[in-house]
Amino acid sequence: MSDTRPDRLGAPVDTPGGTALDTPVETGPGAAQDLKTEAALVTGAGGDLRQASLWSDAWRSLRRNPVFVGAALLLLVLALMAVFPQLFTGTDPEDCDITFGRQGPGVNGSLLGYDLQGCDYYSNLVYGARVSMAIGVLVVGGSLVIGVVLGALSGYYGGWFDSLMSRITDIFFGLPLILGAILILNRFDKPGLLQVSLALIALGWMTILRLLRSSVISVKDSDYVQAAKALGASDFRIITRHILPNCLAPVLVYATIAIGGVIAAEATLSFLGIGLQRPSISWGLQIEGGRDFVRTEPRLILLPSAILSVTVLAFILLGDALRDALDPKSK
Amino acid sequence: MGRYVARRLLLAIPVLIVTTILIYLAVFALPGDPIAQLAGERSFSPAVAAQLREEYSLNDPLWQRYLAYMGGVVQGDFGTDFRGRPLSDIMQQRFPVTLKLALVALVFEAVIGLVAGILAGIRKGSFFDNLVLVSTIAVVSIPSFVLGFVAQIVFGVQLGIFPISGQNDGLRSFLLPGFVLGSLSLAYVARLTRTSLSESLSSDYVRTARAKGLPERAVVGKHALRNSLIPVVTFLGTDLGTLMSGAIVTEGIFNLPGLGQLVFQAVRGRESEVVVGVVTLFVLIYIVFNLLVDVLYAALDPRIRHE
């Protein structure tokens, strides 16, 4: 594989070749300089400098990054929607009345009107967040478990296990995401949340493995690991306590962005008719339902499209902000 | 060079075999009864079911069925659709449409992506550079089927500039779907060109070129650009395979009678044989393109093959 391909989840992968969707909104040298001068002032005044670990440093610069704060707040609202949709709407999305079919906003006190079946559009949008967030978190969580465990093992031990894993990832990279998912899901009569998630995990764990493997290789010969070895620490302890904490940053950045990619993939599959099926509520299904009314009622397509795109965007911005904050080079 | 190509080709064979096995397993070995699926709501009588099992050799062991299927695929036989038409005929008829769409998309991403990337890369931090950064991130976050509908609504319905669907207007009817299909990669090409070019611009050999007094045009055009285009060219190569499979969504929305639309309709009509046949073809195309690009990469960049 050449290193110039963007990752299949639509998320950019940081490679030396420079595929990365690098800083979208540059925080500029200003932010970093502020920190530096602040530190200089503190030390100059004889005050004690707080211990600056990578994470506390990152958190301090993130708090001041408006892009990060905005994306995080947006995702907080979406997460609330997913967990407590009742907070946002009092209308049951499944309480449909066909006499209201395709009525516009304002009819019967409805905020955004009704869909073809006469179900309230706004409450469907709100309840749609649940599926998207659940699948995003499930798939990326599952891929993280597989990718981190296997990546740490193949990076740390190398040898035949590493070669084997490399070949296996090559093979899985050979299956494009949507095509592979179609093949897998084609088999199920009515795929549900679990089947869709498993299909996407099966096709999405490889990038995390590769990222982690390469960062494990880059730190495993460093002095502190040698020191831990010399002190007689077990392999398990060295990997979990010494190596992993120093390797997780790029993986977490990728995982954040990948959640957006997974959400888009789920919507695409549901739209194609191979993912979730009615009566499940999903933005992809809503868009699919509006497809025959592009000319007359673009609202039916545009509303779920907007919320879907904004959600994906929020995850990408969050990941990019994390990358800027965690990358020591940008300091 | 020859040795590198030979090694790369040899490595590709097991990948190809295992990938097709995976495809086959995903399709035929997962739980679920294809005959029951074929029947739909009402189940077949046991006699009919048994006959169908015999007809589709579902009683044979899995490896035998795999070999039989792949044997067919290698000879261009992908099975038949529900009406008994050989899939290979249908594919042959629809392939040109998909290829045309993918090529239009490739032209879009190459031309617009490269120009935007070069302009942004030359003046990093300028207004245009920031515009490219912001707009590419917006494009990346919009799923392509959403972009397809938005383009249809804005340019087809409201402005009426482009035909909404079908291919009756010749090349013009391919412009809108081509742009939608290529938009994601367009963003990557722009970003990739920008990063790669600005990296070359700060390298030693560019400083040397400037120091010996070459005009800026020659420095950028001859020295920096040529080197920084290597990853972009290889990306464009791989992307042709990706674009063809991305056509499933775009052709479905814009009603273009290509291979993607065939999958789109087959998924809805639950015609598994068609879905599997076409998707297998897409995956094979994708793998072959990746392989070609790896070879191309080695041809363009000597550092790769000397590893």
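Computed from a predicted structure; not experimentally measured. (Residues numbered from 1 in each chain as written. Chains lettered and ligands numbered in written order. Predicted model: local features only at pLDDT ≥ 70, side-chain atom pairs only at ≥ 80, totals over all residues. Heavy atoms only, no water.)

What to know about the overall build of chain A
When its secondary structure is counted, chain A shows twelve helices and zero strands. In sequence order, the secondary structure elements of chain A are arranged as α-α-α-α-α-α-α-α-α-α-α-α. Out of the 331 residues belonging to chain A, those deemed buried represent 52%. Sequence-distant contacts in chain A: of pairs separated by 6 or more residues, those separated by 24 or more amount to 70%. (Helix = DSSP H or I, 4+ residues; strand = E, 2+ residues; numbered from the N terminus. Buried < 20%, exposed > 50% of the residue type's maximum accessible area, 1.4 Å probe, protein only. Contact = heavy atoms within 4.5 Å.)

Here we look at unusual backbone geometry
The omega angle of the peptide bond from Arg278 of chain A to Pro279 of chain A is 5 degrees, so this bond is cis rather than trans. Along the chain, the position of Pro279 of chain A falls in the loop between helix H10 (235–272) and helix H11 (283–289). Phi at Asn255 of chain B is positive, roughly 55 degrees, even though this residue is not glycine. If you trace the backbone, Asn255 of chain B turns up in the loop between helix H10 (216–254) and helix H11 (259–268).

Let's talk about a nonpolar patch on the surface
Residue and element names in this part refer to chain B. Judged by side-chain polarity, Val107, Val111, Ile112, Val115, Leu119, Phe127, Phe128, Leu131 and Phe179 come together as a nonpolar surface patch covering roughly 820 Å² of accessible area. Contributing elements (two or more residues each) for the nonpolar patch: helix H5 (87–122) and helix H6 (127–141). In terms of residues, the nonpolar patch owes the most to one element, H5, which gives five residues. Here Val107 lies in helix H5. (Patch = residues over 30% accessible without salt bridge, like charges linked within 9 Å, V, L, I, M, F, W, Y side chains within 5 Å. Areas by Shrake-Rupley, 256 points an atom, 1.4 Å probe, with all protein chains shown as cover. Salt bridge = Lys/Arg side-chain N within 4 Å of Asp/Glu carboxyl O.)

Points about the nonpolar core
Ranked by size, the top nonpolar core spans 143 residues in total, and within it Ile182, Leu200 and Phe271 of chain A together with Phe145 of chain B carry the most contacts. By residue number, the principal contributor to this core is H10 of chain A, which donates 21 residues. Excluding its chain neighbours within four sequence positions, the residues that come into contact with Ile182 of chain A are Leu269, Leu272 and Ile274 of chain A together with Ile248, Val263, Val267, Val275 and Val279 of chain B. (Core = buried A, V, L, I, M, F, W, Y, C linked by side-chain atoms within 4.5 Å.)

A look at the confidence of the model for chain A
Residues and elements named next belong to chain A. For chain A, per-residue confidence averages 80 on the pLDDT scale, and residues scoring 70 or more make up 80% of the total. Model confidence for chain A, summarised as mean pLDDT per element, is weakest for helix H1 (residues 28–44) at 49 and strongest for helix H4 (residues 121–157) at 92. Contacts for the low-pLDDT stretch residues 1–6, under 50 throughout, to residues beyond four places or in other chains number 28 contacts. (pLDDT = per-residue confidence, 0-100.)

A word on the packing of helix H3 (residues 66–83) of chain A against H4 of chain A
Residues and elements named next belong to chain A. Orientation of H3 relative to H4, taken along the N-to-C sense of each, is 100 degrees, at an axis distance of 7 Å. Taken together, the axes of H3 and H4 are roughly perpendicular relative to one another. Packed against H3, whose contacting residues are Leu75, Leu78, Ala79, Met81, Ala82 and Val83, the element H4 presents Val126, Ala129, Arg130 and Met133 at the interface. Broken down by class, the residue content of the contact of H3 with H4 amounts to nine nonpolar, no polar and one charged. (Axes fitted to C-alpha atoms, helices over the stretch in contact; angles between N-to-C directions. Parallel < 35°, antiparallel > 145°, perpendicular 65-115°, else oblique. Nonpolar A, V, L, I, M, F, W, Y, C, P; charged D, E, K, R; others polar.)

Digging into the pattern of salt bridges
Residue and element names in this part refer to chain A. Scanning the entire structure with this criterion turns up ten salt bridges over all chains. The salt bridge partner of Glu297 is Arg299, with a shortest N-O separation of 3.1 Å. The residues Glu297 and Arg299 share a single accessibility class, namely buried. Here Asp320 makes a salt bridge to Arg323, at a shortest N to O gap of 3.3 Å. Of this pair, Asp320 and Arg323 both sit in helix H12 (residues 299–326), separated by three residues, roughly a single helical turn. Asp320 sits in the buried class, given a relative accessible area of 1%.

Details of the packing of helix H6 (residues 177–185) of chain A against helix H7 (residues 193–204) of chain A
All names here are of chain A. At a minimum axis separation of 9 Å, H6 and H7 run at an interaxial angle of 135 degrees. Taken together, the axes of H6 and H7 are oblique relative to one another. For the crossing formed where H6 meets H7, the hand is right-handed. Across the interface between the two elements, Leu177, Gly180, Ala181, Ile184 and Leu185 of H6 pack against Gln195, Val196, Ala199, Leu200 and Leu203 of H7. Residues that form the contact of H6 with H7 fall into these classes: eight nonpolar, two polar and no charged. (Left-handed = near helix turned anticlockwise from the far one by under 90°.)

Section: the environment of Ala199 of chain A
Residues and elements named next belong to chain A. You can see Ala199 is positioned in helix H7. According to the relative accessible area criterion, Ala199 is buried, its value standing at 3%. It is 16 Å that separates the C-alpha atoms of Ala199 and Gly260, two residues lying 61 residues apart in sequence.

Some thoughts on the packing of aromatic side chains
The final tally for this structure, using the stated rule, is ten aromatic pairs over all chains. Aromatic side chains Tyr156 of chain A and Tyr157 of chain A sit 5.1 Å apart centroid to centroid with 85 degrees between the ring planes, which places their arrangement in the edge-to-face category. Ring geometry for Phe271 of chain A and Phe149 of chain B: centres 5.6 Å apart, planes at 85 degrees, overall edge-to-face. Here Phe271 of chain A, found in helix H10, pairs with Phe149 of chain B, found in helix H7 (residues 144–158), and the two come from separate chains. Among the aromatic residues, those joined into a ring-pair cluster are Phe271 of chain A together with Phe145, Phe149 and Phe264 of chain B. (Phe/Tyr/Trp six-rings, centres within 6.5 Å; stacked < 30°, edge-to-face > 60°.)

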